[in-house]
Amino acid sequence: MEKRIAIVRGDYIGPEIVSEAMKVLRCIETKYDHTFIYDEVLAGGAAIDATGECLPQISIDALKQADAVLLGAVGGPKYDSQPANNRPEKALLRIRSLLGLFANLRPAILFPQLADASPLKPEIVQKGIDFVVVRELTGGIYFGKHETIGDRAVDEMAYSVDEIKRIAKVAFETAQVRHHKVTCVDKANVLDTSKLWRKVVQELAKEYPDVTLNFMYVDNAAMQLCKDPSQFDVILTENMFGDILSDEASMLTGTIGTIGSASLGSTSIGMYEPIHGSAPDIAGKDMANPLGTILSVAMMMRYSFHLEKEAKDIEKAVHAILDQGYRTADMMSKGMKQVGCQEMGDLVVKQI
Ligand code: NAI
Ligand code: MG
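If you're wondering where the values come from, they're calculated on a predicted model, not measured in any experiment. (Residues numbered from 1 in each chain as written. Chains lettered and ligands numbered in written order. Predicted model: local features only at pLDDT ≥ 70, side-chain atom pairs only at ≥ 80, totals over all residues.)

## Re the overall build of the protein
If you tally the helices and strands in the protein, you get 12 helices and 14 strands. Relative to its length of 352 residues, the protein is compact, with a C-alpha radius of gyration of 20 Å against a globular reference of 20 Å. Principal axes of the C-alpha set define a box for the protein whose edges measure 50 × 50 × 45 Å. Buried positions account for 47% of the 352 residues belonging to the protein. (Helix = DSSP H or I, 4+ residues; strand = E, 2+ residues; numbered from the N terminus. Rg over C-alpha atoms; globule rule 2.2 N^0.38 Å. Buried ≥ 20, exposed ≤ 12 C-beta atoms within 10 Å, placed from the backbone.)

Given below as structure tokens:
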């Protein structure tokens, strides 16, 4: 298989973690006889340094040519003085809208080897945490009308049938390659948008007879995530609820260094990135945890290229390395073997 991958290294630890993820990509190419073509694309702070703009036209053109995008992380103190419309983070928003990325997939997977890091009680953790939050990313209250008139302010939440249908489709298809269960989270006892979500999702569910569907109010979902996260497989929800629940979900696993994400959309170009930022405090010290980026590559194999075997191979290698006791500093605990960012990448490659 031949695929073109846009590589956005980003700022601070961005280039360090992306280098390790690229070692894994090259290893997969060799092992499975694929050809990946890498286009280096400047976005964020690095693009400001080189061109003055956070997302120059040449980067936009390159992104549109790609089959998938791998992104490290952008931003950091060096760029704090940039005007609001040229901040590195602005490049991310522009890429999202350029590629029509309306679906954000964030897995919450607790590696049993890192169970100590979870803030949950051992008896809850023991039942396992392995679910994905599918969050609508380009609609809802964040994109509605915002208005302040005198001593009153209004934020409007709106969704159309089409917007709901396309994100629900992503959730059902995700469940089909996982454990066949979708929980649609809403506030249908109060909000009209939620009532519409229920109607559309219920209707669409008929096309996925192999997937079980249930509905849950968002306040209850926030509790259930702490009480019994093992009940979830795919959580489908609108933008703001998803923003809040996906952060809660990642905390359950106790580390931000090991979580990847996928953003999918109306074009076939998906974007893959770790959930953490550019970690300026540890940049340049070979200390960053590359596993979140490496697991994002696994998601790229699965969701953009439909290479499930390759995806599982990467995930299994990460498990094996953790089983063998290797940890970057952020995951370190007593009796484990501490390694740097590069050595962690090398270990995963060797395992694959
Ligand atoms: P951060 O996620 O960069 O760092 C928070 C803490 O987690 C720090 O102590 C950091 O050292 C640690 N950490 C993060 N990733 C790690 C890794 N891979 N390995 C080991 N430790 C890791 O969040 P922060 O400090 O709030 O933001 C720093 C910069 O990153 C800001 O400019 C922010 O705007 C940007 N940012 C960019 C994102 C993106 O590109 N998608 C997302 C979030 C923040
Ligand atoms: Mg958030």
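After that view, the rundown keeps rolling.
## So, the sheet that holds strand β12 (residues 270-274)
Taken in spatial order, the 10 strands of this open sheet run β2-β1-β3-β12-β11-β4-β5-β10-β8-β9, and their pairing is mixed. In this open sheet, the two strands that pair with only one neighbour each are β2 (35-40) and β9 (212-217). Direction aside, the axes of adjacent strands within the sheet are offset by 25° on average. Both strand β1 (residues 2-10) and β2 contribute to a ladder of 6 bridges, which runs parallel. Of the residues in β2, the one forming a bridge with I5 is Y38. In the packing of helix α7 (residues 192-205) onto the sheet, the strands contacted are β8 (181-186), β9 and β10 (234-237), and the crossing angle to β8 comes to about 165°. (Pairing = 2+ DSSP bridges. Axes fitted to C-alpha atoms, helices over the stretch in contact; angles between N-to-C directions. Contact = placed C-beta atoms within 7 Å.)

## Remarks on the site of ligand 1
As a matter of local geometry, ligand 1 sits amid 22 residues, with G75, H276, G277, A279 and N289 nearest to it. Each residue belonging to the shell around ligand 1 can be placed in one class, and the counts come to 10 nonpolar, 8 polar and 4 charged. (Near = placed C-beta within 6 Å. Nonpolar A, V, L, I, M, F, W, Y, C, P; charged D, E, K, R; others polar.)

## Brief notes about the UniProt feature "binding site: Mg(2+)" (unreviewed entry) in the protein
The sites that UniProt annotates as "binding site: Mg(2+)" (unreviewed entry) are D219, D243 and D247. Summarising the element assignment, D219 is placed in helix α8 (residues 218-227). Here D247 lies in helix α9 (residues 239-252). (UniProt positions renumbered as here; feature names shortened; annotations may be inferred.)

## Considerations on the confidence of the model for the protein
Residues at a pLDDT of 70 or more form 100% of the protein, whose mean pLDDT is 96. In the predicted complex, the global pTM is 0.92; the interface-specific ipTM is 0.98. (pLDDT = per-residue confidence, 0-100.)

## Digging into the nonpolar core
For soluble globular proteins, the rule of thumb is that nonpolar side chains tend to be buried together. Formed by 106 residues in total, the largest nonpolar core has its most connected members in V69, L70, V134 and V297. Here this core takes 9 residues from helix α10 (residues 291-304), the largest share from any one element. Counting residues domain by domain, this core receives three or more from each of domain 1 (1-101 + 256-352) and domain 2 (119-252). Every residue in contact with V297, bar those within four places of it in the chain, is listed here: A21, V24, L25, L70, Y272 and I314. (Core = buried A, V, L, I, M, F, W, Y, C linked by C-beta atoms within 7 Å. Domains from an automatic or database assignment.)

## Concerning the domain arrangement of the protein
Annotation of the protein at the domain level lists domain 1 (1-101 + 256-352) and domain 2 (119-252). One C-alpha centre belongs to domain 1, the other to domain 2; they are set 26 Å apart.

## Quick notes on the UniProt feature "binding site: substrate" (unreviewed entry) in the protein
Within this structure's numbering, the places UniProt gives as "binding site: substrate" (unreviewed entry) are R96, R106, R135 and D219. A stretch of 124 residues holds the annotated residues, and the largest C-alpha distance among them is 28.4 Å, long enough that they do not meet in one place. You can see R96 is positioned in helix α4 (residues 88-98). Residue R96 is classed as partly exposed on the basis of its 17 C-beta neighbours within 10 Å.

## Overview of helix α3 (residues 57-65)
Looking at α3, one finds that the buried residues are S59, A62 and L63. Take α3 and look down its axis: the buried residues cluster within an arc of 100°, on one side only. Turned more than 90 degrees away from the buried face of α3 sit Q57, D61, K64 and Q65, all of them exposed. The inward-facing, buried residues of α3 abut β1, β2, α2 (45-51), β3 (68-73) and α4. (Arc of directions from axis to C-beta.)

## Here we look at unusual backbone geometry
Non-glycine residue Y12 carries a positive phi angle of around 50°. Tracing the sequence through the fold places Y12 in the loop between β1 and α1 (14-32). The buried category is assigned to Y12, around which 26 C-beta atoms lie within 10 Å. The phi dihedral of D286 falls on the positive side, at around 55°, and the residue is not glycine. Structurally, D286 is set in the loop between β12 and α10. Residue D286 is classed as partly exposed on the basis of its C-beta count, with 16 C-beta atoms lying within 10 Å.

## A look at helix α6 (residues 161-176)
For α6, built from 16 residues, the straight-helix expectation of 22 Å at 1.5 Å per residue is met to within 8% by its first-to-last C-alpha distance of 22 Å. Buried within α6 we find E163, I164, I167, A168, V170, A171, F172, T174 and A175. Considering only its buried residues, α6 is in contact with β4 (101-109), β5 (130-136), β8, α7, β10 and β11 (260-265). (Expected span 1.5 Å × (residues − 1).)

## With respect to the packing of α10 against helix α11 (residues 308-323)
Closest axis-to-axis distance for the α10/α11 pair is 7 Å, and the angle between their directions is 160°. Compared by their axis directions, α10 and α11 come out roughly antiparallel. Note on packing geometry: the crossing formed by α10 with α11 is left-handed. Facing α10, whose interface residues are L291, I294, L295, V297, A298, M301 and R302, α11 presents E308, E310, A311, I314, E315 and V318. Looking at side-chain class alone, the contact of α10 with α11 contains 9 nonpolar, no polar and 4 charged residues. (Parallel < 35°, antiparallel > 145°, perpendicular 65-115°, else oblique. Left-handed = near helix turned anticlockwise from the far one by under 90°.)

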